[in-house]
Amino acid sequence: MANEDKAQSLVQLCAKSVCKDMGRLEQQVWDLPASLIEELLPFLNIFYLERIEEVAVRKGLSTTSVWLRIWMEVVKYKPLGSKPVKDWRQKFLEYLFHCVLLRKSLAEDNPRLQDPRFSALTLGARYVQRLTLSSHPYGAVRLATDELRPILEILQGTVTQLKLHHFSQRSHEASMKSMTLLLHRLIHHGSVHTLTIINCDKAIPFILIRVLRMSAGQLDLEMREDLGVCFCCDRESDVKLQSHGLQRRCCAQQEKETVATTKDSGKNSSGVLQPLPLQEGKGAANSCKRLSDNRFYTTHAKWPRLEQGVEAGECFNTLEPSTEGTPSHTATPQSSQDLGGERILFRSITALEVDLSSTIIPELQALLPSWVSLCSLDLFGNRFSEKSDLLKVVAALRSLCKRPEGSISALSIDSVFCPMPITAFMVNLLSTCPKLETLSLNFDVEEEDRLSPPQPIPIDISLTKLQVVFPDDPIQLQVFLSVLRIAQSLQHLHLSWTSNQGFGTLLLTLIESNPNLCWLTLKGANLSACQKEVICFLKNSSLQGVDFTDCRLFEKNKVEFLGKLVDAVKGSKTLKFLHLSKNRLGNKGLVTLAELFSGNPTSQIEHLNISANCILPDGLLEFGRLLEQQPPSSRLLLDLRQNPLDRDPGTAQQAMELLRRRCQVVGDLWNSRAAFADYASVM
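About the thresholds
- All residue numbers here refer to positions counted from 1 along the written sequence of the relevant chain.
- Note on the predicted model: pLDDT of at least 70 is required for a residue's local features to be given, and 80 or more for side-chain atom pairs to be given and counted; whole-chain, interface and lining totals, by contrast, use all residues.
- Note: side-chain values were computed over all heavy atoms of the structure, leaving out hydrogens and water.
- For cavity detection a 1 Å grid was placed over the protein atoms alone, and a set of points counts as a cavity when a 1.4 Å probe fits there but cannot get out; an open set counts as a pocket when protein lies on both sides within 12 Å along at least five of seven lines, with lining residues being those that have an atom within 4 Å of a point.
- Grid points are joined across faces, edges and corners, and a volume is the space filled by probe spheres set on the points.
- Secondary structure is summarised from DSSP: a helix means a run of H or I of at least four residues, a strand means a run of E of at least two, and numbering begins at the N terminus for each.
- In this analysis, the expected span of each helix is defined as 1.5 Å times one less than the number of residues it contains.
- Only protein chains enter the calculation, and the probe is 1.4 Å; a residue is then buried if its accessible area is under 20% of its type maximum, exposed if over 50%, and partly exposed in between.
- What makes two residues a contact is simply this: any of their non-hydrogen atoms within 4.5 Å.
- Only when DSSP finds a minimum of two bridges between them are two strands counted as paired.
- We call a crossover right-handed when, viewed with both strands directed away from the observer, the connection leading from the first strand over the helix to the second proceeds clockwise.
- Two aromatic rings from Phe, Tyr or Trp, using only the six-membered ring of Trp, form a pair when their centres are within 6.5 Å; if the ring planes differ by under 30 degrees the pair is stacked, by over 60 it is edge-to-face, and anything between is tilted.
- Fitted lines through C-alpha atoms serve as axes, helices being fitted only where they are in contact, and the angles separating the N-to-C directions of these axes extend from 0 to 180 degrees.
- What sets the label is the angle itself: under 35 degrees gives roughly parallel, over 145 gives roughly antiparallel, 65 to 115 gives roughly perpendicular, and the rest give oblique.
- Throughout, a crossing is termed right-handed when the near helix is turned clockwise from the far one, and left-handed when it is turned anticlockwise from it by less than a right angle.

Under an unreviewed UniProt entry, the chain has the name Leucine-rich repeat-containing protein 41 and belongs to Huso huso.

What follows is the structure, encoded as structure tokens:
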């Protein structure tokens, strides 16, 4: 054993020595066997670890565990959120980029983050998918400098999401220009498709308005003056569009004298140059004129639309004019602006997530009707200045949905006040926007407006996914059921609903009217009074997944109902996900559930969530022994979190060892006594 430990130590010493001399030995290291490269990985600095990734993958190795270890060494804790991290390399290098950009020191105590031959900012930029600007404009100012121009060019191709979080931009001329340039480069020339604005109350309104307008593809005269010369616009691109056979050229900045002569003719009452429909003008073939500084502008030209084959990250502000017939006005991620004879196409984002405020609402109302590229809109917050503000946004959406080229298909409204009952608002919204495919609503409804007359039901809607969190009071059930009856394409239904009645009717309606439903989630519902309808629903649907979280399923006739539930699930050929969290299943109920995997036929369940179900270690051990005798046919994912397994750690460990032979187990170190004490303290 001592010799084995000594041999291992020698391998580690050699690996460390090689890693220190990677600048000279890198090519030779790539040719090493997989077993030796695996020994080297934990000792490489981040620059060589990133460079060796392709070689490691070819040799059947993964660097994920090494990147996770580096994350924990530097950050000390895993990122918050329920979504698992799929790529720890990308996650860490994106984090590193933001720290280096803001000059936060990370490398002092960790030599693996240092190497004089490489730039951490350049390396990190290649992995930044979400760029976050927060607290102060320092990061934006740095990225707009000539020194970091190469970094900004990299970000144009990598950043797909731009997030403003606790942003407090100062009204300073230099920072204003930097912010304008950054947005122009990332949105109009780059790959950004999602903008998130959250907790930006301290930002001056002018900044938020500018961000929204540029995101919608607008660039008014004042923005252009702040922008100055954009070298991306300034340079000429000779890239060919293969699908059109047309030569594309980047847009040029107008001379200030030319811009000045068009201030009065090109803008509306708000001073914003609105997108104009593309029109064919005479003499289009001769409309491209070369200026003395080799920049281009166009007059009265007609521009062909960009097809989906064009890369989002490419620089495409203008196309060469075409003399063919006028193209139809179709939804594309560009806005057309006419600046004193210059026709420019700017990209605009397709997904907007915004924390509503008195500054944001009127601007959204003005921008939405012409924001035809917008596909997804997520509104959250509870700071509406007036009850009618939400309806103003809906009115703007109505104008957008009336346009045949409008792209809006997903809408989410969360934690806001609604001036009418949620069912009435939902019907009104679907009548306004019948093309919506995804709708999520979570309202705080005001007391005096809860009683509202029923609304007319739309004839046809396109919903495939509906998520509604109902308030803690009676709803207009028949109105809601009428919506379900016409939603023939509905595939996902998620309801959080604490009412004690109506669920039996709801389940029967789903059987009759929604044959395409593949996932149902009910949270907080009282299903103890409609156990018969639950069994009927499971037997007569083609669900792939069902989630009955905190639904009091086993409150009555527990043994009898569990037997029927097991039979119904085993009889389903499609059901693979069964979530029964927070239903007080207990040990006896868990043992009964083991019958899902015995007999003939067995169930098709691949994911069983029995978290927070008062399961004790001895019951889990018996369940594990039953699975040993009748193992699941497929690899089962078993969620056991928030069960009081700490009451008998030895038995719990034994049960876990049994289960891990047959299942993939998700557990936690839940302290049941502390949780109960916290619960009792607030009772």
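### Topic: the layout of surface pockets
What the largest pocket holds in volume is close to 1,500 Å³. What lines the largest pocket is a set of 34 residues, among which Pro79, Leu80, Lys91, Glu94 and Arg130 lie closest to the centre. Elements with a minimum of two residues in the lining of the largest pocket: helix 6 (64–75), helix 7 (88–101), strand 1 (130–134), helix 9 (138–143) and strand 2 (161–165). When residues of the lining of the largest pocket are assigned to their parent elements, the largest contribution, eight residues, is made by helix 7.

### What about helix 24 (residues 617–629)?
Its 13 residues place the ends of helix 24 19 Å apart at the C-alpha level, agreeing with the 18 Å of an ideal helix rising 1.5 Å per residue. Burial in helix 24 covers these residues: Pro617, Gly619, Leu620, Leu621, Phe623, Gly624 and Leu627. Contacts from the buried residues of helix 24 go to helix 23 (586–593), strand 21 (636–639), helix 25 (649–662) and strand 22 (663–666).

### Brief notes about the pairing of strand 12 (residues 376–380)
Bridging between strand 11 (residues 351–355) and strand 12 involves five bridges; their strand directions are parallel. What sits directly across from Glu353, in strand 12, is Asp378. The handedness of the strand 11 to strand 12 crossover, carried by helix 16 (residues 360–367), is right-handed. Where strand 12 meets strand 13 (residues 410–418), five bridges bridge the pair, whose relative direction is parallel. Across the sheet, the residue bridging to Leu377 is Leu411, located in strand 13.

### Some thoughts on the environment of Phe43
Tracing the backbone shows Phe43 in the loop between helix 3 (34–40) and helix 4 (46–51). We classify Phe43 as partly exposed; its relative accessible area is 25%. Leave out the neighbours within four places in its chain, and Phe43 touches Gln12, Ala15, Lys16, Cys19 and Arg112.

### As for the environment of Asn587
Relative to the elements of secondary structure, Asn587 occurs in helix 23. Here the alpha-carbon distance between Asn587 and Phe623, two residues 36 residues apart in the chain, equals 8.6 Å. In contact with Asn587, other than residues within four places in its own chain, are Cys614, Ile615, Leu616, Asp618 and Gly619.

### What to know about the packing of aromatic side chains
Here the structure, examined in full by the defined rule, presents 11 aromatic pairs. Ring plane angle 55° and centroid distance 5.3 Å describe the contact between Trp71 and Tyr95, whose orientation is recorded as tilted. Placement of Trp71 in helix 6 and of Tyr95 in helix 7 is noted, with a sequence separation of 24 residues between them. Residue class for Trp71 comes out buried when judged on its relative accessible area of 4%. Each member of the aromatic cluster is reached from another via a ring pair, and the members are Phe470, Phe480, Trp497 and Phe503.

### Quick notes on the packing of helix 17 (residues 389–402) against helix 18 (residues 422–432)
Contact geometry of helix 17 with helix 18 gives a least axis separation of 9 Å together with a crossing angle of 25°. Taken together, the axis directions place helix 17 and helix 18 in an arrangement best described as roughly parallel. Mapping the contact onto sequence places Leu390, Leu391, Val394, Leu397, Arg398 and Cys401 in helix 17 and Phe425, Asn428, Leu429 and Thr432 in helix 18.

### Brief notes about the packing of helix 24 against helix 25
Where helix 24 contacts helix 25, the axes come no closer than 8 Å and their chain directions differ by 25°. With respect to helix 25, the axis of helix 24 lies roughly parallel. Considering only the axes of helix 24 and helix 25, their crossing is left-handed. For the pair formed by helix 24 and helix 25, the contact residues are Pro617, Asp618, Leu620, Leu621, Phe623, Gly624, Arg625, Leu627 and Glu628 on the first element and Thr651, Ala652, Gln654, Ala655, Leu658, Leu659, Arg661 and Arg662 on the second.

### Brief notes about the pairing of strand 15 (residues 465–469)
Across the two faces of strand 15 the burial differs, with Leu466 and Val468 buried and Lys465, Gln467 and Val469 not buried at all. Across five bridges, the pairing between strand 15 and strand 16 (residues 492–496) is parallel. Opposite Lys465, over in strand 16, you have His492 as the bridge partner.

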